[in-house]
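Here's the letter readout for the chains.
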Amino acid sequence: MATEQLRIPKATAKRLPLYYRFLQNLYQSGKLRVSSAELSEAVKVDSATIRRDFSYFGALGKKGYGYNVQYLLNFFQKTLDQDALTKVALIGVGNLGTALLRYNFTKNNNTKICYAFDTNESKIGTQISDVTVYSLDQLEEILNKEEIQVVILTVPAQAAQSVTDRLVKTRVKGILNFTPARLNVPSSINVHHIDLAVELQSFVYFIKNYSNESEDTEEVEENEKTRI
């Protein structure tokens with residue numbers, strides 16, 4: 001992502017796809033311009049945070065006018081590398097892996113799971129939503145040949161590290177880890193952990209113990225201390 005070179009806060013980087021999706025909807029509806037207040041109402045992020053997020057990229061709007069929708073859409077399309085298709089591989093075609101293959105980022109045509117891998121003989125050679133399931137034995141060969149840089153990991157937790165060790169030997173630069181295992185990787189590979197059980201537990205805790213204060217505001221304040 002081009003935003004890495006700008007050293008923007010991680011919290012800002014996480015919101016960019018949200019802005020991009022809303023701008024797509026605005027553009028398709030024929031809207032020419034939008035204010036930070038309108039953006040705030042739509043994406044549920046306060047307008048001050050939106051203006052601060054946009055300020056990292058220079059003058060994207062004009063005072064009293066707002067933001068040009070097409071200009072912003074084109075800008076974020078390039079910033080988020082949406083001009084070209086990003087091929088993704090999925091490893092582990094269990095219940096969660098199958099669900100992800102069926103969904104396959106249908107709202108984002110520029111990111112697509114193109115290859116799936118599993119050890120189950122009954123699944124190898126089958127197709128799920130036009131994605132062929134390959135044997136895990138072919139992992140390195142296919143990932144290197146197709147220059148896959150992003151992988152989704154949905155294998156059993158006990159197999160996560162051994163599969164990751166194999167990914168280190170390929171061109172993979174990012175792993176979206178849906179397993180509860182915490183992976184050991186070199187600094188050249190980024191890992192994003194998504195543990196649904198932990199997320200649900202955290203969500204329930206916040207519902208019981210916190211008011212409806214803005215989580216985004218707290219996150220920005222925390223990440224202002226450390227830039228990427």
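Above: the structure in question.
What you see is a predicted model; the values in this text were computed from it and never measured. (Residues numbered from 1 in each chain as written. Predicted model: local features only at pLDDT ≥ 70, side-chain atom pairs only at ≥ 80, totals over all residues. Heavy atoms only, no water.)

Colleague: Describe helix H2 (residues 36-43), with residues and values.
Modeller: Among the residues of H2, Ser36, Leu39, Ser40 and Val43 are the ones counted as buried. Along the long axis of H2, the arc covered by the buried residues comes to 105 degrees, so they all point the same way. Looking at the buried residues of H2, the elements they touch are helix H1 (10-28), strand S1 (33-34), helix H3 (47-55) and strand S3 (66-68). The first or second residue beyond H2 is Lys44, which carries a positive phi of 60 degrees. (Buried < 20%, exposed > 50% of the residue type's maximum accessible area, 1.4 Å probe, protein only. Helix = DSSP H or I, 4+ residues; strand = E, 2+ residues; numbered from the N terminus. Arc of directions from axis to C-beta. Contact = heavy atoms within 4.5 Å.)

Colleague: So what's going on with the sheet that holds strand S7 (residues 131-135)? Which residues, and what values?
Modeller: Pairing within the open sheet is mixed, and its seven strands lie in the order S6-S7-S5-S4-S8-S9-S10. Looking at the sheet topology across the chains shown, the edges are occupied by strand S6 (127-128) and strand S10 (190-193). Where strand S4 (residues 86-91) and strand S8 (residues 150-153) come together, four bridges link them in parallel fashion. When the bridges of S8 are listed, Ala89 appears paired with Val151. Set on the sheet, helix H7 (residues 157-167) makes contact with S4, S8 and strand S9 (174-177); between it and S8 the angle comes to about 170 degrees. (Pairing = 2+ DSSP bridges. Axes fitted to C-alpha atoms, helices over the stretch in contact; angles between N-to-C directions.)

Colleague: Account for H3, naming residues and giving values.
Modeller: Residues Thr49, Ile50, Asp53 and Phe54 constitute the buried set of H3. Burial along H3 is one-sided: seen end-on, the buried residues are contained in an arc of 130 degrees.

Colleague: Could you give me a rundown of the environment of Ala11, with the residues and numbers involved?
Modeller: Examined against the element boundaries, Ala11 turns out to sit in helix H1. On the basis of relative accessible area, Ala11 is assigned to the buried category, the value being 1%. In this structure the C-alpha to C-alpha distance between Ala11 and Asp53, which are 42 residues apart in sequence, comes to 9.0 Å.

Colleague: Give a detailed account of the nonpolar core, specifying residues and quantitative values.
Modeller: Counting residues in hydrophobic clusters, the biggest one holds 22 residues, and the most contacted among them are Leu23, Val34, Phe54 and Phe76. If you tally residues by element for this core, the top one is H1, at seven residues. Sequence-distant contacts of Phe76, defined by excluding residues within four places in its chain, comprise Leu16, Tyr20, Leu23, Phe54, Phe57 and Leu60. Counting 20 residues, the second largest nonpolar core, distinct from the first, contains Val155, Ala160, Ala181 and Leu183. (Core = buried A, V, L, I, M, F, W, Y, C linked by side-chain atoms within 4.5 Å.)

Colleague: For the pairing of S9, give the residues involved together with the corresponding values.
Modeller: The pairing of S8 with S9 spans four bridges and is parallel. Its bridge partner being in S9, Val151 is matched across the sheet by Ile175. Handedness of the crossover is the feature at issue here: the chain leaves S8, passes through H7, returns alongside S9, and the resulting connection is right-handed. The sheet contact formed by S9 and S10 spans four bridges and is parallel. Each bridged residue has a counterpart across the sheet, and for Gly174 the counterpart in S10 is Asn190. (Right-handed = clockwise from strand over helix to strand, strands pointing away.)

Colleague: For the pattern of salt bridges, give the residues involved together with the corresponding values.
Modeller: What the rule picks out here adds up to six salt bridges. Notably, a salt bridge pairs Lys87 with Glu146, separated by 3.7 Å at the nearest N-O pair. Taken as a pair, Lys87 in strand S4 and Glu146 in the loop between helix H6 (139-145) and S8 lie far apart in primary sequence, 59 residues in all. A salt bridge links Glu140 to Arg166; the nearest nitrogen and oxygen atoms lie 2.7 Å apart. Placement of the pair is Glu140 in helix H6 and Arg166 in helix H7, with a sequence separation of 26 residues. (Salt bridge = Lys/Arg side-chain N within 4 Å of Asp/Glu carboxyl O.)

Colleague: Please give an account of the sheet that holds S3 that cites residues and values.
Modeller: Across the sheet, three strands lie side by side as S1-S3-S2; this open sheet has antiparallel pairing. Across the chains shown, the open sheet's two edge strands, defined by having one partner strand only, are S1 and strand S2 (61-62). As paired strands, S1 and S3 are joined by two bridges and run antiparallel to one another. The residue of S3 that forms the bridge with Arg33 is Asn68. Where helix H4 (residues 69-79) meets the sheet, its contacts fall on S1 and S3, and the angle it forms with S3 comes to roughly 65 degrees.

Colleague: Could you give me a rundown of the packing of H1 against H4, with the residues and numbers involved?
Modeller: Running from N to C, H1 and H4 cross one another at 140 degrees; their axes reach a closest spacing of 9 Å. As judged from the angle between their axes, H1 and H4 are oblique. Judged by the twist between their axes, the crossing of H1 over H4 is left-handed. Counting all contacts with H1, which are made through Leu16, Tyr20, Leu23, Gln24, Leu26 and Tyr27, the residues of H4 involved are Val69, Gln70, Leu72, Leu73, Phe76, Gln77 and Thr79. (Parallel < 35°, antiparallel > 145°, perpendicular 65-115°, else oblique. Left-handed = near helix turned anticlockwise from the far one by under 90°.)

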